[in-house]
Amino acid sequence: MAKRSLSFVCQSCGATTLKWAGRCESCGEWNTIQEEQQASGIGAGPKTASRSKGRVVPLVGLSGETKEAPRIITGVAELDRVTGGGFVKGSALLVGGDPGIGKSTLLTQASAHLALQGHNIVYISGEEAVDQVRLRAERLGLRDAPVQLAAETSVEDILATLEAKKGAERPHLVILDSIQTLWTEMADSPPGTVTQVRASAQALVRFAKKTGTTVVLVGHVTKDGQIAGPRVVEHMVDAVLYFEGDGAHQYRILRAVKNRFGPTDEIGVFEMTDMGLREVKNPSALFLSERSATAPGSAVFAGIEGTRPLLVEMQALVAPSPLGTPRRAVIGWDSARLSMILAVLEARCGVKFAQHDVYLNVAGGLRINEPGADLAVAAALISSLSGVALPLECVYFGEISLSGAVRPVAQAASRLKEAQKLGFGQAVIPDGNMKEGSKALGHVKGLEELGDLVANIAVSAQKTENA
Ligand code: TYD
Ligand code: MG
């Protein structure tokens with residue numbers, strides 16, 4: 001029997017310590033350290049591993065012939081967009097997301113599409129019985145797709161099954177739903193622990209590289225956005241995709257946060273229907289569809305997600321506060337960024353929010369990470385505070401610096417083109433972007449200072465009063 005050693009492993013970051021502690025010294029998380037038994041060999045470090053004499057590997061130069069990585073195109077356009085043109089053969093991917101968000105649905109649909117194209121697809125479910133997976137496929141109208149199913153959790157059994165398929169039967173794509181349910185005999189701790197997840201993922205990634213099969217690992221994410229336990233898996237795989245959305249909306253966003261074979265920040269937009277996930281070809285129209293006509297506090301931001309322009313409504317509510325420390329709440333944007341915009345508006349433009357609660361919401365459940373949204377947020381805030389609705393057919397973008405200057409952003413032309421496509425006739429943009437944008441829409445205004453925006457909205461307020 002292999003020699004066993006006891007160690008304590010943080011379930012959040014995977015750090016190993018010799019004794020238990022309430023707080024992990026490595027990542028700072030509380031109550032994440034658990035006792036785990038480890039066979040010498042796995043994680044036992046170089047001291048105990050038997051050292052073999054290394055072999056000489058050939059070194060090559062940077063220049064030379066390289067082939068484009070061969071890909072498996074799923075035919076689900078939004079998924080292919082996020083992966084950068086399909087799954088790369090021999091790569092390993094991690095698809096993360098909250099439980100119930102639709103990971104299994106997405107991958108069942110993609111598997112079925114591929115199987116119908118003639119690819120060998122294996123779907124291994126560690127969470128659901130074969131009947132449940134079949135029921136889902138039936139609901140999705142994909143019952144006849146020749147996907148090969150199994151309900152299994154042992155990595156050894158799974159690898160034996162996959163390796164037994166040779167020649168024309170060799171699987172092209174294997175889906176493992178989910179990595180947290182898998183266990184391997186190589187590690188001695190219960191399923192779901194970091195040691196198990198790491199060892200299982202390692203074995204499967206090795207299988208992918210060795211055979212050229214694409215392996216997709218599904219992982220559940222904790223509330224704070226970490227893939228439960230195994231942050232370590234993120235480093236092992238070639239691409240990490242997150243499937244996100246909120247319970248109140250039907251929209252689901254697939255986002256690449258790491259991709260060795262393509263762009264990151266690219267998003268795919270889906271809508272969850274009772275017939276499964278439907279691709280959304282024109283997300284801007286979807287995110288603007290619920291916009292109310294003339295409410296103050298609403299500004300349309302012309303943003304870019306990856307390479308795709310996307311229009312979204314930023315909603316602000318500024319209301320007098322009874323509290324000593326007024327409330328600031330943000331959904332879908334960075335709260336530190338909101339505090340910064342409020343401070344710049346107060347310090348540089350004399351707009352006072354001190355006695356007011358401020359709420360900011362990105363409509364449609366989308367999350368925006370771009371600083372280019374600053375100007376749209378500022379416009380929504382000023383509009384709500386002054387009670388003046390912004391022009392209905394106007395879009396905003398621009399980054400705001402601490403000095404109150406409005407800085408240019410990338411890809412102004414495609415933002416404006418998208419706005420024009422959706423029937424917008426006006427735009428307020430950074431002066432530095434005027435070269436690209438001056439002719440795109442009927443009326444484009446370039447701003448150098450945030451103060452100009454405040455003055456503009458005040459002027460339109462007077463106009464409305466006089467009218
Ligand atoms: P699922 O793919 O099982 O989520 P995950 O694998 O991420 O845990 O999706 C579950 C949810 O999706 C469930 O709440 C029901 C809903 N759903 C639909 O609305 N329509 C459908 O056609 C399917 C299959 C699921
Ligand atoms: Mg699932």
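Residues numbered from 1 in each chain as written. Chains lettered and ligands numbered in written order. Predicted model: local features only at pLDDT ≥ 70, side-chain atom pairs only at ≥ 80, totals over all residues. Heavy atoms only, no water.

For clarity, the threshold we go by: UniProt positions are given in the numbering used here, feature names are shortened, and annotations may be inferred rather than shown by experiment.
The protein goes by DNA repair protein RadA in an unreviewed UniProt entry, where it is assigned to Pseudovibrio axinellae. The record held by UniProt for the protein lists under Sequence similarities (unreviewed entry) the comment "Belongs to the RecA family. RadA subfamily."

**Let's talk about the overall build of the protein**
We apply this condition: Secondary structure elements are taken from DSSP: a helix is a run of H or I of four residues or more, a strand is a run of E of two residues or more, and numbering for both begins at the N terminus. The cut-offs for exposure are 20% and 50% of the maximum accessible area for each residue type, with area from a 1.4 Å probe on protein chains only; residues under the lower value are buried, those over the upper are exposed, and the others partly exposed. Between two residues, a contact is recorded if the distance between any of their heavy atoms is within 4.5 Å. The Shrake-Rupley method, run with a 1.4 Å probe, gives the accessible areas here. Residue values count only the displayed protein chains as cover.
When helices and strands are counted, the protein shows 12 helices and 23 strands. For the protein, the spread of C-alpha atoms along the three principal axes comes to 85 × 55 × 50 Å. Residues counted as buried form 48% of the 467 residues belonging to the protein. Pairs at least 24 residues apart make up 66% of the contacts formed inside the protein by residues separated by at least 6 positions. Of the roughly 22,500 Å² of accessible surface on the protein, a fraction of 53% belongs to carbon and sulfur atoms.

**Focus: helix α8 (residues 335–349)**
Stated formally: To estimate how far a helix should reach, multiply one less than its number of residues by 1.5 Å.
If you check α8, its first and last C-alpha atoms are 20 Å apart, about what 15 residues at 1.5 Å a residue would give, namely 21 Å. Along α8, the residues that are buried comprise Leu 338, Met 340, Ile 341, Leu 342, Val 344 and Leu 345.

**Topic: unusual backbone geometry**
Of note, the amide linkage connecting Asp 177 to Ser 178 takes the cis form, showing an omega dihedral of 5°. Its place among the elements puts Ser 178 in the loop between β9 (173–177) and α5 (194–211). Phi is positive for Gln 411, which is not a glycine, with a value near 55°. Tracing the chain through its elements places Gln 411 in the loop between β21 (406–407) and α10 (412–421).

**Describing the domain arrangement of the protein**
For the record, the criterion: The source of the domain bounds is an automatic or database domain assignment.
The domain boundaries assigned to the protein delineate domain 1 (3–40), domain 2 (71–281) and domain 3 (285–466). Once you take the C-alpha centre of each, domain 1 and domain 3 turn out to be 46 Å apart.

**A few points about the packing of helix α4 (residues 155–164) against α5**
Think of two packed helices as two axes; the pair is described by the angle between the axes and how far apart they sit. Counted only if it meets this: The convention used is that axes are lines fitted to C-alpha atoms, helices contributing only their stretch in contact, and that angles between N-to-C directions extend from 0 to 180 degrees. To sort the angles, those under 35 degrees are grouped as roughly parallel, those over 145 as roughly antiparallel, those from 65 to 115 as roughly perpendicular, and the leftovers as oblique. In this classification, the charged set is Asp, Glu, Lys and Arg, the nonpolar set is Ala, Val, Leu, Ile, Met, Phe, Trp, Tyr, Cys and Pro, and all remaining amino acids, among them Gly, are polar.
It is at 10 Å that the axes of α4 and α5 come closest, and there the two elements cross at 10°. Between α4 and α5, the crossing angle belongs to the class labelled roughly parallel. Between α4 and α5, the residues in contact are Val 155, Leu 159, Leu 162 and Glu 163 and Ser 200, Ala 203, Leu 204, Phe 207 and Lys 210, respectively. Its residues placed into classes, the contact of α4 with α5 shows six nonpolar, one polar and two charged.

**Concerning the sheet that holds strand β10 (residues 214–220)**
Put simply, the rule is: Strand pairing is assigned whenever DSSP identifies at least 2 bridges connecting the two strands.
Ordered in space as β8-β7-β9-β10-β6-β11-β12-β13-β14, the nine strands form an open sheet in which the pairing is mixed. Because the sheet does not close on itself, it has two edges, and the strands there are β8 (148–151) and β14 (276–279). Mean inter-strand twist for the sheet, computed between neighbouring axes without regard to direction, equals 25°. In terms of strand pairing, β9 meets β10 through five bridges, oriented parallel. Across the sheet, Val 174 pairs through a bridge with Val 215, a residue of β10. The sheet strands contacting α5 are β6 (92–97), β9 and β10, and the helix crosses β10 at an angle near 155°.

**Quick notes on a negative patch on the surface**
To keep it simple, the criterion reads: Each patch groups residues whose relative accessible area exceeds 30% and which form no salt bridge, using 9 Å between like charges and 5 Å between nonpolar side chains of Val, Leu, Ile, Met, Phe, Trp and Tyr. Throughout this description, the term salt bridge denotes a Lys or Arg side-chain nitrogen within 4 Å of a carboxyl oxygen of Asp or Glu. The charged-residue count follows a simple rule in which Lys and Arg add positive charge and Asp and Glu add negative charge, with His and chain termini not counted at all. A charge is said to be at NZ when it belongs to Lys, at CZ for Arg, at CG for Asp and at CD for Glu.
Side chains of Asp 431, Glu 448, Glu 449 and Asp 452 sit close together on the surface and give a patch of like negative charge. For Glu 449, a relative accessible area of 37% puts it in the partly exposed group.

**So, the nonpolar core**
Let me state the cut-off plainly: Nonpolar cores are built from buried Ala, Val, Leu, Ile, Met, Phe, Trp, Tyr and Cys residues. Side-chain atoms within 4.5 Å join them into one set.
Counting residues in each nonpolar core, the largest one holds 64 residues, and the members touching the most others are Met 314, Trp 333, Leu 345, Leu 381, Tyr 396 and Leu 453. Counting the residues that make up this core, at least three belong to each of domain 2 (71–281) and domain 3 (285–466). With residues near it in sequence (within four places) discarded, Met 314 still touches Gly 297, Ser 298, Ala 299, Phe 301, Trp 333, Asn 361, Val 362, Ala 373, Ala 376, Val 377 and Ala 380. Of all hydrophobic cores here, the second largest spans 28 residues; its members include Val 76, Leu 114, Ile 175 and Leu 241.

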